[in-house]
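Reading the structure
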There are 2 protein chains.
Amino acid sequence: MKQVAALAGVGAKTVSRVINDEPRVAPETAARVWDAIRALDYHVDMRAGSLRRAGGRTLTLGLLVSSVDNPFAGEVHRGVEDVARARGVAVLAVSLHEDPVREKSAVEDFIRRRLDGIILSTTSTDVSYLSTTLIRGMPMVFIDRRPLGLSVDAVTSDNREAAALATRSLIARGHRRIAFLGERSTIRTSAERHQGFLDAFGEAGVPTGEATVIFGLSSAREAQEALGALLDSDQPPTAVFGGQNLITVGALHALHSRGMQHRIALIGFDDLELADLLDPGVTVIRQDPRKLGRVAAERMFSRLDGGVLAPEHIIVPTEFIERGSGEILAPR
Amino acid sequence: MKQVAALAGVGAKTVSRVINDEPRVAPETAARVWDAIRALDYHVDMRAGSLRRAGGRTLTLGLLVSSVDNPFAGEVHRGVEDVARARGVAVLAVSLHEDPVREKSAVEDFIRRRLDGIILSTTSTDVSYLSTTLIRGMPMVFIDRRPLGLSVDAVTSDNREAAALATRSLIARGHRRIAFLGERSTIRTSAERHQGFLDAFGEAGVPTGEATVIFGLSSAREAQEALGALLDSDQPPTAVFGGQNLITVGALHALHSRGMQHRIALIGFDDLELADLLDPGVTVIRQDPRKLGRVAAERMFSRLDGGVLAPEHIIVPTEFIERGSGEILAPR
DNA sequence: GTGAAAGCGCTAACAT
DNA sequence: ATGTTAGCGCTTTCAC
């Protein structure tokens, strides 16, 4: 910057004014400065700017997701990015792989980088460690999973109701031996979907005794093996509820590899690419992850724009898409 | 930091030493400093550190991909992240949506942020604007697509050979009216795969007159419509080559919606989730995007570690997976 | 309309 | 083993 100033024959402050197009610069001075900038191929150093500037914005948002290669997370990321990009803000995404230790260290890294805010899908049961972060003034918006015991902004799907709706439809088709396949039960969405699953039994006055609930599945392969064992048992389920995208993929593999996809009902949480082309088509509860991301980012910017807002829980509706696999009747 | 120093009764530099655990600090002094750090919930400001420190590393890598919600890009991102994370480096991913203007402005943003290096899948035909970036000393590794006219590191698949192999297998099964569906022909991978497609005809001594080549498809929907029009024409193709993951998805929809999936052969570039569960299974050329990301990141760190390396083109092999759709014979 | 001085929070270089 | 001074590249403040 000093070089640019020297070449243009002005002071450093004038270069700064030109770059940030502040008013009160003579047009011809500005032109000379631009010439020098081009001649020297100069680009401001944002680190220095954000260090000195009041407010100290880094124009960067942190995003914590399960994994950047999970399609659900990819869509969320896209939604956040679309909104952030329009404001010249970049997104630093980090994969947690459902590890609370990584979560904590990622948040600390974000603090050291002085990011403007954090959008996170927490994997921890106890997020109390975040309260100090909040106090430090770093805005946070939770996405997909609402934390327990912290009054904060959250943008989620209507997990419990959607799971209840799907389960109700299975029960109405005569299913009782329904297998619920979920992630760790400490993951909020997993617990809520399970709760919805139970709700449907309760409403219908059907005992849950014949249902099987499996938690702790963290990959398609694990889900495939878990369901495979059930299917090969004496009392295989007549219907399956896939608690999340990867789990449903695993369940599909277990069913298809046994040729059971037309006999055993399946409903999955999250839509899947090509789900409509399988035979039978896969019935799903479709979330709108991109919208979750967009809404969370918008909320974040409302806060950053200085709104003093009470914490809010925003719910993005899901869609129940019947394609065939969920409409298979229980054998009588 | 000053507050921490005051509370611990030491100078600022000592706090700095403790944080960066430099040697020559008395254990008990360090303990006092740590106590103060915890008491004040202090976290260093990386911006200031990287501004002052020799070398000025920001511990951040830039990643330019087609779109963060594309599964291929997600896998690449994951590969880069895995390697970067092990070194405490974060990844700033930006979606280009195949727009050269965005590419240029994203690179400029990366320069302003003083990122340590850029891993990019370029969408531009002319990357000469990057030569000044290189001169500024920002290391770059190209991934997936090798740029023309710039001698740089690149990590790609063996696009041409893989496409030739697949096309050869279609020709051997009697197909002549093969439809090649690709992205814009200015995208390097698209051009290379097309070249491989032509190579196979050449080797076999088969004229390409009956083949149809369509470029410029940029979404599954566009691919579906383009193939749909071909299928509904007088001379529909007997086989289809899907030039990329989204295109293959669109092609599958076009075929299945017409019930033609068992009559018309299909081979896709890129594997798809659930491709093995469709009927027929989808034959694909599987790239290893995560490995592309890992290798590119490793190359990047070799440069950052000070290696003075000649630009290299690293090729990650693909795998031809026959699942049924590609083995359909041409009608005689 | 422009520039000089001070300082953002940290670390390099040199004390001691 | 620790502290002091200077300065990274910018923007704020204030003077002209």
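Residues numbered from 1 in each chain as written. Chains lettered and ligands numbered in written order. Predicted model: local features only at pLDDT ≥ 70, side-chain atom pairs only at ≥ 80, totals over all residues. Heavy atoms only, no water.

1. Comments concerning the protein's contact with DNA strand D
Rules: If a single non-hydrogen atom of a residue is within 4 Å of a molecule or strand, that residue counts as near it. Distance and chemistry together define a polar contact, namely a pair of N or O atoms within 3.5 Å, with one atom able to donate a hydrogen and the other to accept it when in protein, and with adjacent residues in sequence counting only for side-chain atoms on both sides. Secondary structure counts use DSSP, requiring at least four H or I residues in a row for a helix and at least two E residues in a row for a strand, with both numbered from the N terminus. The residue classification treats Ala, Val, Leu, Ile, Met, Phe, Trp, Tyr, Cys and Pro as nonpolar and Asp, Glu, Lys and Arg as charged. All others, Gly included, are polar.
Contacts to DNA strand D come from 24 residues, most closely from Lys13(A), Tyr42(A), Arg24(B), Thr29(B) and Arg52(B). When the atoms of DNA strand D within 4 Å of the protein are grouped by moiety, sugar and phosphate amount to 56% of the total. The contact in question runs from a phosphate oxygen of DNA strand D to an N or O atom on the side chain of Asn20(A), over 3.1 Å. The contact in question runs from a phosphate oxygen of DNA strand D to an N or O atom on the side chain of Thr14(B), over 2.6 Å. Where the surface near DNA strand D is concerned, the elements lending two or more residues are α2 (12-19) and α4 (46-52) of chain A together with α2 (12-19) and α4 (46-52) of chain B. Partitioning the surface near DNA strand D into residue classes produces 9 nonpolar, 7 polar and 8 charged.

2. Notes on helix α8 (residues 159-172) of chain A
Residues and elements named next belong to chain A. Put simply, the rule is: In this analysis, the expected span of each helix is defined as 1.5 Å times one less than the number of residues it contains. Here's how the labels work: a residue is buried when its accessible area is under 20% of the maximum for its type, exposed when over 50%, partly exposed in between, all with a 1.4 Å probe on protein chains only.
For α8, with 14 residues, the first-to-last C-alpha span of 20 Å sits near the 20 Å given by 1.5 Å per residue. Burial in α8 covers these residues: Asn-159, Ala-162, Ala-163, Ala-164, Ala-166, Thr-167, Ser-169, Leu-170 and Ile-171. Count one or two residues on from α8 and you reach Gly-174, which has phi positive near 95°.

3. Points about the UniProt feature "domain: HTH lacI-type" (unreviewed entry) in chain A
Put simply, the rule is: UniProt positions are given in the numbering used here, feature names are shortened, and annotations may be inferred rather than shown by experiment.
The sites that carry the UniProt feature "domain: HTH lacI-type" (unreviewed entry) are, in the present numbering, residues 1-53 of chain A. A distance of 16 Å separates the end C-alpha atoms of residues 1-53 of chain A, which is 68% helix and 0% strand.

4. Focus: the relation of the copies chain A and chain B
The condition that has to hold: The copies are overlaid by a least-squares fit using only the C-alpha atoms of residues whose pLDDT is at least 70 in both copies. Note on contacts: a residue pair is in contact if any heavy atoms of the two residues lie within 4.5 Å.
For the pair chain A and chain B, the relating rotation is 180°, the translation along its axis is 0.0 Å, and the fit reaches an RMSD of 0.1 Å. Here the symmetry operator amounts to a two-fold rotation axis. When the interface residues of chain A are mapped onto chain B, 100% of them are again interface residues, pointing to one common binding face.

5. Side note on the protein's contact with DNA strand C
Near DNA strand C there are 23 residues, and of these Thr14(A), Thr29(A), Arg52(A), Met1(B) and Tyr42(B) occur at the shortest range. Separating a base nitrogen of DNA strand C from a side-chain N or O atom of Arg52(A) is a distance of 2.5 Å. The side chain of Tyr42(B) places a nitrogen or oxygen atom 2.5 Å from a phosphate oxygen of DNA strand C. Of all the elements in the fold, those that place two or more residues in the surface near DNA strand C are α2 and α4 of chain A together with α2 and α4 of chain B. A per-class count over the surface near DNA strand C returns 8 nonpolar, 7 polar and 8 charged.

6. Thoughts on the sheet that holds strand β10 (residues 283-286) of chain A
Residues and elements named next belong to chain A. Operational definition: When DSSP finds at least two bridges between two strands, those strands are taken to pair. Every axis in this analysis is a line fitted to C-alpha atoms, fitted for helices over the stretch in contact. Angles between the N-to-C directions lie between 0 and 180 degrees.
Strand order in the open sheet formed by 6 strands is β7-β6-β8-β9-β10-β12, and the pairing between neighbours is mixed. Only two strands of the sheet have a single partner each, and these edge strands are β7 (212-214) and β12 (319-321). Taken pair by pair, the neighbouring strands of this sheet meet at an average axis angle of 15°, ignoring direction. Inspection of the sheet shows strand β6 (residues 178-181) paired to strand β8 (residues 239-242) by 4 bridges, in the parallel sense. Paired with Leu-181 across the strands is Gly-242, a residue of β8. Relative to the sheet, α8 contacts β6, β8, β9 (265-269), β10 and β12, its axis offset from that of β9 by approximately 175°. Where helix α9 (residues 188-204) meets the sheet, it contacts β6, β7 and β9, and its direction lies at approximately 165° from that of β6.

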